[in-house]
Amino acid sequence: MAQKIELLIRAAESVVTGNNPFKDYIFPLISGGFSSIMGAGVAYCTVWYQERIQIYKKNIDACNRILLSADEAISELISLKHNYHGKLSNNPFQRATAIPYIVFSSKPISVNLPDISFIVPQMGNSNNSIYKWSQIPRIRNMFNNYNFLIDAWNKRNEIYHPILEKIRRNTQTEKSPESNDRSRLITNDDVYEVIDISEFARLIDLTETVIKLTDIIIAELNDFLINFPDMIDKMIITKRKKHHASIFRFINENNKREEIIKHSLEVDFTILSNLLEEPVDSIKNRYNAGYE
């Protein structure tokens, strides 16, 4: 019995201490290499994921900055329009005098459009082509036209006072209560008596420019604020949104704002055409600024 036990012990020792090339050499090499590969793979995936999150955050921040700029622009234009909303007739003479000198301090808005270059549709990918706000030139033109419009409002202010003061001094001699009402219908005779018609025509032309462009740019900015966030949500993977603030959304619950966004009463283009000595179609095309 003792002899059998001794033989079993020797057999076990030979298994433990015996030479086994796979166990002694190959397996350690394989296990070490596999561990290294696994570690490198995990590290690569971690870095890649973190980089994607940072890109996502950067894209969202860039979009939100442009949305804030658009909201600033539309708020300024609505504030300007409040000064004459509901006070305009279709007579160009009345419209030129119904809009007062407006004090405002708006400055040109500059946006960094290369920051949102990721919205541009990729070649061969038709999914993004359906979004009109994936067109960088359209966004650029919207802000450029806003800056042009602010400059036009400033120029109108510059020529408004000298002209209107001459007309007011003449019409107030009637001692009529209506003479101090800016919405009073200024007639051709009122103008011809004290103002060179070409000088007043310049005020009328500039007035119609700012009225029409204000309506157009407000509508464009409003559409951008509503539809641009929806487009960005569809472009960015939803599961990444939990890691950072979402795209801004602007909800309009003010009925008065909805009303003021509507276009103003259109001018009588026949009268305007005779005054400016320019065809109606030519005037309309100039005021539309390529939007219609």
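The structure contained in this document is the topic of the report that follows.

Some thoughts on the overall build of the protein chain
And step 1. If you tally the helices and strands in the protein chain, you get nine helices and zero strands.
And step 2. Each helix (α) and strand (β) of the protein chain, taken in turn from the N terminus, gives the series α-α-α-α-α-α-α-α-α.
And step 3. Among the 292 residues that make up the protein chain, the fraction classed as buried is 38%.
And step 4. Partitioning the intrachain contacts of the protein chain with sequence separation of at least 6 by distance along the chain shows that 79% fall at a separation of at least 24.

Section: the packing of aromatic side chains
And step 1. Using the criterion set out here, one finds four aromatic pairs in the structure.
And step 2. Taking 4.6 Å as the distance between ring centres and 25° as the angle between the ring planes, the aromatic pair formed by phenylalanine 224 and phenylalanine 228 counts as stacked. Highlighted residues: phenylalanine 224 and phenylalanine 228, both in helix α6 (residues 197-235), separated by four residues, approximately one helical turn. The two residues phenylalanine 224 and phenylalanine 228 agree in class, both being buried.
And step 3. Through a chain of ring-to-ring contacts, three or more aromatic side chains come together here, namely Trp133, Phe224 and Phe228.
And step 4. The residue whose ring lies beneath lysine 284 is phenylalanine 269, and the NZ or CZ to ring-centre distance is 5.1 Å.

Here we look at the packing of helix α8 (residues 269-276) against helix α9 (residues 280-288)
And step 1. Their axes nearest at 9 Å, the elements α8 and α9 cross at an angle of 100°. With respect to each other, α8 and α9 are oriented roughly perpendicular. In contact with Phe269, Leu272, Ser273 and Leu276 of α8, α9 contributes Val280, Ile283, Lys284, Arg286 and Tyr287.
And step 2. Looking at the contact of α8 with α9, its residues break down into six nonpolar, one polar and two charged.

A look at the side chain of lysine 81
And step 1. By the element assignment, lysine 81 lies in helix α2 (residues 21-81).
And step 2. For lysine 81, a relative accessible area of 0% translates into the label buried.
And step 3. If we ignore the near neighbours within four places in the chain, the residues touching lysine 81 are Thr214, Asp215, Ile218, Ile260, Ile261, Lys262, His263 and Ser264.

Digging into α6
Since the α-helix advances by 3.6 residues per turn, residues separated by three or four positions end up pointing in the same direction.
And step 1. Helix length check: α6, at 39 residues, gives a terminal C-alpha distance of 55 Å against a target of 57 Å (1.5 Å per residue), a fit within 8%.
And step 2. At asparagine 227, α6 shows its maximal kink, close to 30°; a proline, proline 229, follows between one and four residues later.

Analysis parameters
- Residues numbered from 1 in each chain as written.
- Predicted model: local features only at pLDDT ≥ 70, side-chain atom pairs only at ≥ 80, totals over all residues.
- Heavy atoms only, no water.
- Helix = DSSP H or I, 4+ residues; strand = E, 2+ residues; numbered from the N terminus.
- Buried < 20%, exposed > 50% of the residue type's maximum accessible area, 1.4 Å probe, protein only.
- Contact = heavy atoms within 4.5 Å.
- Phe/Tyr/Trp six-rings, centres within 6.5 Å; stacked < 30°, edge-to-face > 60°.
- Lys NZ or Arg CZ within 6 Å of the ring centre and 35° of its normal.
- Axes fitted to C-alpha atoms, helices over the stretch in contact; angles between N-to-C directions.
- Parallel < 35°, antiparallel > 145°, perpendicular 65-115°, else oblique.
- Nonpolar A, V, L, I, M, F, W, Y, C, P; charged D, E, K, R; others polar.
- Expected span 1.5 Å × (residues − 1).
- Bend = angle between axes of the 7 residues up to and from the residue.

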